Amino acid sequence: MLKITVLYHILMGLTVLYLIYCCRPPRFGIKFCFYSFTGILLALIYAVFIGDTGAFAYEIPNRPNGQYTVAPLFSNLRLFAQGVFIEGSLFLFGSFLQIYFRTAGNRSQKWKKGAIPFFLAIAAVLTGIDSMLIEPTALQVKTTVIRSEKITKPIKIAFITDPQMDLVGKYEERAFQTVKDLNADLILLGGDYIQFSRSSVEKDLTVYQAFKGKHGKARDLGGELNALLRRIDLSAPLGCFAIAGKKYEREWGNDLFKNTNIKMMPDTKTVEIGEDLLLTCIDPITCWKNERKDFLTPDQKKSGKFHLILGHCPDFATAFPDGDLLLAGHTHGGQIRIPFFGALFINTSKLPRRYGSGHSRLTDPETGREIDLIVSNGTGMERGMGPRIRFCCLPDIWCIEIIPAKNRD
């Protein structure tokens, strides 16, 4: 992966130097637009042909059915994003220098003519630093309070989802330690714990077949995550529950959470939590559906307990299930959010974009019943098909307090 990245930036650097040379007065404005577009196009083309694109198969120890195949891995957009911010900034600064030293006039006139590329360069540098170096690890704890007549005493819930680990490092440890430090009554994990990438296929244990038939060694990410969870020792009075984000996590769950206090819920199931709470955990297939479905038995409905539903993808919320609070992740908040517009894309097929992050109130059009929906930005990032950036979309862990509401008289 390092060799690919270095090769990409060498090629992009040489290309940008040539484009800067070409983008000079006279008729700078037309040339600037043309060569800017050319640079972006070449950055994408280089990323496609140089990027480490392809699926690899990896062998899971002690599995009777042999190898599993991971979906195609794309470092293309990772490289493209780096090219746009790094070499793009170089091109903009170079264009400004071309104007400043190659046009007639005094300093103020030269600055005026070069203002657009100069300030675009500053914006590109600051945005690149923020989105690639600062925001991805600027973890925040979001809090919210929900009042319910179904609760007799307060319940604090910690919710973490989408670590998307391709390396288990200090940031990942900080995220789970943050969950522990919340001292919640109930801890919920929302799936997508690991995601293989070229960063995760450089060390020992799991054999894989890489793109173009090359062979190497892969990290045992599941083992590293399990060791981290055992070291932090997550626990809560009402329990710790985890669901699967992808189908294969249903099979890996017992290995991921072995010898921990976390109970894996691979299938859709409702369990009683304490005196006032029913928890329904949804499997990774059901959560993508928006079919109306009763998760509770008649006796559970009659109990009048607060119903909490945990699913990975929030699409299930569009069916307005019989829950009081719905928790989900998967969207990463969009990872890239534009001020006053929101997420460009939330990777769901049914949920409106405005519900792709944060705490929302949904109203069932058939019954008029209101439901609380919380969609977490997750603590990790897409490491496969998307660029490794976050912009105006900080990673988060949710701390939710459900407190008693006064009965209506």
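Residues numbered from 1 in each chain as written. Predicted model: local features only at pLDDT ≥ 70, side-chain atom pairs only at ≥ 80, totals over all residues. Heavy atoms only, no water.

> A description of the nonpolar core should follow, citing residues and the corresponding values.
For soluble globular proteins, nonpolar side chains are generally found buried alongside one another. One finds Phe-176, Ile-187, Leu-189, Leu-225 and Phe-257 to be the most contacted residues of the largest nonpolar core, which totals 32 residues. Put simply, the parts of the chain that give this core at least two residues each are strand E4 (155-160), helix H6 (170-181), strand E5 (186-189), helix H7 (221-232), strand E8 (240-243), helix H8 (247-256), strand E9 (262-265) and strand E18 (396-404). Counting residues per element, this core draws most heavily on H7, which supplies five residues. Filtering out sequence-adjacent residues up to four positions away, Phe-176 remains in contact with Ile-160, Pro-163, Met-165, Leu-189, Leu-225, Leu-228, Leu-229, Ile-232 and Leu-234. By size, the runner-up hydrophobic cluster in this structure holds 24 residues, among which are Ile-157, Phe-159, Leu-188 and Phe-241. (Core = buried A, V, L, I, M, F, W, Y, C linked by side-chain atoms within 4.5 Å. Buried < 20%, exposed > 50% of the residue type's maximum accessible area, 1.4 Å probe, protein only. Helix = DSSP H or I, 4+ residues; strand = E, 2+ residues; numbered from the N terminus. Contact = heavy atoms within 4.5 Å.)

> Before we move on, could you go through the sheet that holds E18 and cite the residues and values that matter?
Paired through backbone hydrogen bonds, the strands of a sheet run either parallel or antiparallel to each other. Spatially, the six strands line up as an open sheet ordered E3-E18-E4-E5-E8-E9, and their pairing is mixed. The open sheet terminates on both sides in strands that have one partner only, identified here as strand E3 (140-148) and E9. Pairs of neighbouring strands in the sheet enclose a mean axial angle of 20°, with direction left out of account. By the bridge criterion, four bridges tie E8 to E9 in an arrangement that is parallel. The residue of E9 that forms the bridge with Cys-240 is Ile-262. Packing against the sheet, H6 makes contact with E3, E4, E5 and E18, and its axis sits at approximately 175° to E4. (Pairing = 2+ DSSP bridges. Axes fitted to C-alpha atoms, helices over the stretch in contact; angles between N-to-C directions.)

> An account of the confidence of the model for the chain is needed here, citing residue identities and associated values.
Of the residues in the chain, 85% have a pLDDT of 70 or more, and the chain-wide mean is 81. Predicted confidence is poor over residues 54-74, with pLDDT under 50, and the contacts of this stretch with residues over four places away or in other chains come to 56 contacts. Overall, residues 201-217 carries pLDDT values under 50, and its contacts beyond four positions in sequence, including any with other chains, amount to 47 contacts. (pLDDT = per-residue confidence, 0-100.)

> Lay out the pairing of strand E16 (residues 358-363) in plain terms, naming residues and giving numbers.
As defined by bridge partners, E16 adjoins strand E17 (residues 370-375) across six bridges and the pair is classed as antiparallel. When the bridges of E17 are listed, Gly-358 appears paired with Val-375. Hairpin geometry of E16 and E17 is characterised by an intervening segment of six residues between the two adjacent antiparallel strands and by a positive phi of about 80° at Gly-368.

> Outline a nonpolar patch on the surface, supporting the account with residue identities and numerical values.
On the surface, Phe-37, Leu-41, Leu-44, Ile-45, Val-48, Phe-49 and Leu-77 cluster together to form a nonpolar patch covering roughly 660 Å² of accessible area. Residue contributions to the nonpolar patch peak at six residues, all from helix H2 (residues 28-50). (Patch = residues over 30% accessible without salt bridge, like charges linked within 9 Å, V, L, I, M, F, W, Y side chains within 5 Å. Areas by Shrake-Rupley, 256 points an atom, 1.4 Å probe, with all protein chains shown as cover. Salt bridge = Lys/Arg side-chain N within 4 Å of Asp/Glu carboxyl O.)

> Got a sec to walk through unusual backbone geometry? Specific residues and values, please.
For His-330, which is not glycine, the phi torsion reads 75° and is therefore positive. For His-330, the location among the structural elements is in the loop between strand E13 (325-328) and strand E14 (337-338). Here the phi dihedral of His-332 falls at roughly 60°; this positive angle occurs in a residue that is not glycine. Examined against the element boundaries, His-332 turns out to sit in the loop between E13 and E14.

> Break down the packing of aromatic side chains for me, citing the residues and quoting the values.
Two aromatic rings, taken as a pair, are described by how far apart their centres are and by the angle between their planes. Enumeration over the complete set of coordinates arrives at 11 aromatic pairs. Geometrically, the ring pair formed by Phe-93 and Phe-118 is edge-to-face, given 6.3 Å between the ring centres and 80° between the ring planes. Taken together, the residues span a long stretch of sequence, with Phe-93 in helix H3 (residues 76-102) and Phe-118 in helix H5 (residues 115-134) at a distance of 25 residues. Taking relative accessible area as the criterion, Phe-93 reaches 28% and is therefore assigned partly exposed. Phe-118 sits in the buried class, given a relative accessible area of 19%. With 4.9 Å between their ring centres and 45° between their planes, Phe-96 and Trp-111 make a pair best called tilted. Of this pair, Phe-96 sits in helix H3 while Trp-111 sits in helix H4 (residues 107-113), placing them 15 residues apart in sequence. For Phe-96, a relative accessible area of 6% gives the class buried. Of the residues examined, Trp-111 reaches a relative accessible area of 39% and is grouped as partly exposed. One aromatic cluster in this structure is built from Phe-93, Phe-96, Tyr-100, Phe-101, Trp-111, Phe-118 and Phe-119. (Phe/Tyr/Trp six-rings, centres within 6.5 Å; stacked < 30°, edge-to-face > 60°.)

> How would you sum up the side chain of Glu-135? Please name residues and give values.
Turning to its location among the elements, Glu-135 is positioned in the loop between H5 and E3. There is a polar contact of 2.8 Å between the side chain of Glu-135 and the backbone nitrogen of Cys-392. Discounting residues that sit within four places of it in the chain, Glu-135 has contacts with Asp-130, Arg-390, Phe-391, Cys-392, Cys-393, Leu-394 and Pro-395. (Polar contact = N/O pair within 3.5 Å; in protein donor to acceptor, adjacent residues only side chain to side chain.)

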